[in-house]
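# Residue-level structure breakdown
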Amino acid sequence: MDAVDKLAGRMEGDADFKRPLHALVSFTETETGKRLGILAAHFTLSRIDKSSITFLQLLRPLEADQEEEEGQETMASDVYQNKLFTSIIERREKSRVTIRAFVKRSDDWLSETLNLSKEQECNIVLLGVSCHRLNPGLCQKYFRLKSDPTRSEHHVLSQFQPSEAHILSNISSFMSRNPMASGLLLDQGWNSLSSLFVPILCPTDVQILPYVLFRFAEKEPVELMIWDAIGILASDTKAQKFYQLIGKKIEGKVMLWDGNQKIDRAFIQGQDLVIMGSSGWAKLLNAGLPWIDALPSVLILKDNIL
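Let us look at the structure shown here. (Residues numbered from 1 in each chain as written. Predicted model: local features only at pLDDT ≥ 70, side-chain atom pairs only at ≥ 80, totals over all residues. Heavy atoms only, no water.)

### Concerning the nonpolar core
Soluble globular proteins tend to bury their nonpolar side chains together. The line we're drawing: Definition used in this section: a nonpolar core is a set of buried Ala, Val, Leu, Ile, Met, Phe, Trp, Tyr and Cys residues joined via side-chain atoms within 4.5 Å. Accessible area is worked out with a 1.4 Å probe on protein chains only. A residue is then buried under 20% of its type maximum, exposed over 50%, and partly exposed in between. Only DSSP runs of H or I with at least four residues qualify as helices, and only runs of E with at least two residues qualify as strands; both kinds are numbered from the N terminus onward. Here, two residues are considered to be in contact whenever any of their heavy atoms come within 4.5 Å of each other.
Ranked by size, the top nonpolar core spans 47 residues in total, and within it L134, I171, W281 and L295 carry the most contacts. A total of six residues in this core trace back to one element, the largest contributor, which is helix α9 (residues 162-177). Excluding residues that lie within four positions of it along the chain, W281 makes contacts with P136, C139, F143, L186, M276, L295, V298 and I300. Listed in part, the 38 residues of the second largest apolar core include L193, V198, L209 and L301.

### Looking at helix α14 (residues 278-287)
All buried positions along α14 are accounted for by G280, W281, A282, L284 and L285. Residues of α14 that are buried in the fold lie against α7 (136-146), β5 (181-187), β9 (273-277) and β10 (297-302). Two residues or fewer past α14, G288 is found with a positive phi of approximately 70°.

### As for the pairing of strand β7 (residues 223-228)
Which entries qualify depends on this criterion: Any two strands are treated as partners once DSSP identifies two or more bridges connecting them.
Within β7, five of the six residues are buried, leaving the element largely enclosed by the surrounding structure. When strand β6 (residues 195-200) meets β7, the two strands line up parallel, connected through six bridges. Residue S195 lies in a different strand from β7, and its bridge partner there is E223. Sheet topology places β7 next to strand β8 (residues 254-256); three bridges connect them, and they run parallel. Its bridge partner being in β8, I226 is matched across the sheet by L256.

### Comments concerning the sheet that holds β7
Filter applied, for reference: Lines fitted to the C-alpha atoms define the axes, with helices restricted to the stretch that makes contact. Angles between their N-to-C directions range from 0 to 180 degrees.
On the basis of which strands lie adjacent, the open sheet formed by ten strands has the order β3-β2-β1-β4-β5-β10-β9-β6-β7-β8 and mixed pairing. Strands at the two margins of the open sheet, each flanked by one partner only, are β3 (98-105) and β8. Across the sheet, the mean angle from the axis of one strand to that of its neighbour is 20°, orientation sign disregarded. Contacts from helix α6 (residues 109-119) reach β1 (22-27), β2 (52-59), β3 and β4 (124-130) within the one sheet, and its direction differs from that of β2 by about 160°.

### Notes on the environment of S152
The condition that has to hold: Pairs of N or O atoms within 3.5 Å make up the polar contacts considered here, provided that, within protein, one atom can donate a hydrogen while the other can accept it, and that residues adjacent in sequence are counted only when both atoms are side-chain atoms.
For S152, the position within the fold is in the loop between α7 and α8 (153-157). A polar atom in the side chain of S152 sits 3.1 Å from the backbone nitrogen of H155.

### Details of the side chain of Q140
Mapped onto the fold, Q140 is located in helix α7. For Q140, the contacting residues outside a window of four places in its chain are L285, G288 and I292.

### A closer look at α7
Buried within α7 we find P136, L138, C139, Q140, Y142 and L145. Measuring from the backbone nitrogen of G137 back to the side-chain oxygen at the start of α7 gives 3.0 Å, which picks out N135 as the cap.

Spelled out as structure tokens, the structure:
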């Protein structure tokens, strides 16, 4: 049974989409943590009770007599418990989601994140990185260098500043080592989440649609534009069935990009958030499209819950 068959079966039974989610939200900057927490809230609050969100704010260790850096302030407890989720929770009065929060100082944020996810028995881990630490341009340079098999990892990382190399190496390890569903938010900021763009650049990207559609769009007043760049929703009969099931469940919220038109910078800049699979993200970065540097916030999902 391939991925599309499994997804169609899950949608028809809806069992996986009703089971509780236990999300770990890992971040450094407070504003990024707030935005990532909102996404986690949409995922967890969209289904039955007994879900949980565990926040892990990882701050860089302070050296002797060093003052707190800008963006290193910790998120206040009332943000976790009330302000961050009030507007979302009010729409689901019966929801009971457990909120936990941890603040640690560590250089080894990868191990801290993975260890806490195991300790809290999380089934999805969401990592947020601010644009001033990592942007699509750096990601593109890293992926293009790594695509040459003659270059060692050491050589690839030597092409970056030490801080850039550190985060690129750790994020690559996070996406490959984490055995559960994972999400990476490249945070450019947003004022609202009303326009979402979902590219499908390889067959495995289809598996992110349940997250987008049933843990977010089903409950929210959003417009979702799907860019089926490989034509799988039109050419594959199983994918067609899958897309028809989507249309029935969230009628009027999903649009397909016209393949005869080019995507331009103006359209990309008008989006609030791009959501895509990890394989499609790698392909996008290697494609050399002229609007990569105009991308808004990007949520990259790797789903192993099939």
